[in-house]
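One letter stands for each residue in the lines below.
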Amino acid sequence: MINDQPPWSRSVYRNSHGRGIRRPTFGTRLPRYRTRCGIFDDLTAAQIRRLGAGWPQLVKPVQFAVEDVPPSDPTPWEDQSDLFSRSFPAGRGIPARIVLYRMPIQSKTRDRTELELIIRDELVLQLADLYGRDPEEIDPMWGR
């Protein structure tokens, strides 16, 4: 019998040495599949959605980004020691932006709950900085 499918589209395409089928041992929705980067992105997106539900007029015009590390050349007035995030005001046709730096934040946390709290606090702090508001006005639980 001749199989019309290419080997990579068959459910079983290799059984070398009789060891069984080649397929993943765990699914893509299981926690083991998630990387630290993916978890960080998911937590950030969840906090942005939460803030967007409460303050849509503040969150909608802002672009959010996650970078691994801050740039190596900070501006003279910035303190490089604890740079977790940065906000850039809108100007010249470019919308306002908030950038979170993943590795400095993850290096300061011990567990997922602490990571969620730092992400929340950084997003609230940068939104407050962009709009000239008090962080407690945007999120009453900020800093707690």
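Scoring rules and cut-offs
Residues numbered from 1 in each chain as written. Predicted model: local features only at pLDDT ≥ 70, side-chain atom pairs only at ≥ 80, totals over all residues. Heavy atoms only, no water. Helix = DSSP H or I, 4+ residues; strand = E, 2+ residues; numbered from the N terminus. Buried < 20%, exposed > 50% of the residue type's maximum accessible area, 1.4 Å probe, protein only. Contact = heavy atoms within 4.5 Å. Areas by Shrake-Rupley, 256 points an atom, 1.4 Å probe, with all protein chains shown as cover. Salt bridge = Lys/Arg side-chain N within 4 Å of Asp/Glu carboxyl O. Axes fitted to C-alpha atoms, helices over the stretch in contact; angles between N-to-C directions. Parallel < 35°, antiparallel > 145°, perpendicular 65-115°, else oblique. Left-handed = near helix turned anticlockwise from the far one by under 90°. Nonpolar A, V, L, I, M, F, W, Y, C, P; charged D, E, K, R; others polar. Pairing = 2+ DSSP bridges. Expected span 1.5 Å × (residues − 1). Core = buried A, V, L, I, M, F, W, Y, C linked by side-chain atoms within 4.5 Å.

- The name recorded for the protein in an unreviewed UniProt entry is Metallopeptidase family protein, from Bifidobacterium polysaccharolyticum.

Points about the overall build of the protein
Stage number 1. A count of helical and extended segments in the protein gives five helices and three strands.
Stage number 2. When the helices and strands of the protein are read in sequence order from the N terminus, they spell out α-α-β-β-β-α-α-α.
Stage number 3. With 144 residues in all, the protein has 28% of them scored as buried.
Stage number 4. Put simply, 56% of the contacts in the protein that link residues at least 6 apart link residues at least 24 apart.
Stage number 5. Carbon and sulfur atoms make up 53% of the accessible area of the protein, which totals about 10300 Å².

Side note on the pattern of salt bridges
Stage number 1. For the structure shown, the criterion picks out six salt bridges.
Stage number 2. Linked by salt bridges that have partners in common, Arg-50, Arg-120, Asp-121 and Asp-139 make up one network.

Some remarks on the packing of helix α1 (residues 36–54) against helix α4 (residues 112–131)
Stage number 1. Closest axis-to-axis distance for the α1/α4 pair is 10 Å, and the angle between their directions is 50°. When the axes of α1 and α4 are compared, the pair comes out oblique. Viewed along their axes, α1 and α4 form a crossing whose handedness is right-handed. Contacts between α1 and α4 pair Ile-39, Phe-40, Leu-43, Thr-44, Gln-47, Ile-48, Arg-50 and Leu-51 from the former with Arg-112, Leu-115, Glu-116, Ile-119, Arg-120, Leu-123, Val-124 and Leu-127 from the latter.
Stage number 2. The residue inventory of the contact of α1 with α4, partitioned by class, reads 10 nonpolar, two polar and four charged.

Looking at the sheet that holds strand β1 (residues 63–67)
Stage number 1. The three strands are arranged β1-β3-β2 in an open sheet whose pairing can be described as mixed. Because the sheet does not close on itself, it has two edges, and the strands there are β1 and β2 (85–88). Within the sheet, the average angular offset between the axes of one strand and its neighbour, ignoring direction, is 15°.
Stage number 2. Sheet topology note: the β2/strand β3 (residues 97–101) ladder contains four bridges and is antiparallel. Across the sheet, the residue bridging to Phe-88 is Arg-97, located in β3.

What to know about α1
Owing to its 3.6 residues per turn, the α-helix aligns residues three or four sequence positions apart on the same side.
Stage number 1. For α1, with 19 residues, the first-to-last C-alpha span of 28 Å sits near the 27 Å given by 1.5 Å per residue.
Stage number 2. If you check which residues of α1 are buried, you get Gly-38, Phe-40, Leu-43, Thr-44, Gln-47, Ile-48 and Leu-51.
Stage number 3. The inward-facing, buried residues of α1 contact α2 (56–59), β1, β3, α3 (102–107), α4 and α5 (135–138).

A closer look at the nonpolar core
Stage number 1. Of all hydrophobic cores here, the largest spans 21 residues; its most connected members are Leu-51, Ile-105, Ile-119, Leu-123, Leu-127 and Ile-138.
Stage number 2. Those elements giving two or more residues to this core turn out to be α1, α2, β3 and α4.
Stage number 3. Among the elements that take part in this core, α4 stands out by supplying seven residues, more than any other.

Focus on the pairing of β3
Stage number 1. The buried fraction of β3 amounts to four of the five residues, a majority that puts the element mostly inside the structure.
Stage number 2. Where β1 meets β3, five bridges bridge the pair, whose relative direction is parallel. The residue bridging Gln-63 from the neighbouring strand is Arg-97, located in β3.

Examining α4
Stage number 1. The first and last C-alpha atoms of α4 sit 29 Å apart over 20 residues, in line with the 28 Å expected at 1.5 Å per residue.
Stage number 2. Every buried residue of α4 is listed here: Leu-115, Ile-118, Ile-119, Arg-120, Asp-121, Glu-122, Leu-123, Val-124, Gln-126, Leu-127 and Ala-128.

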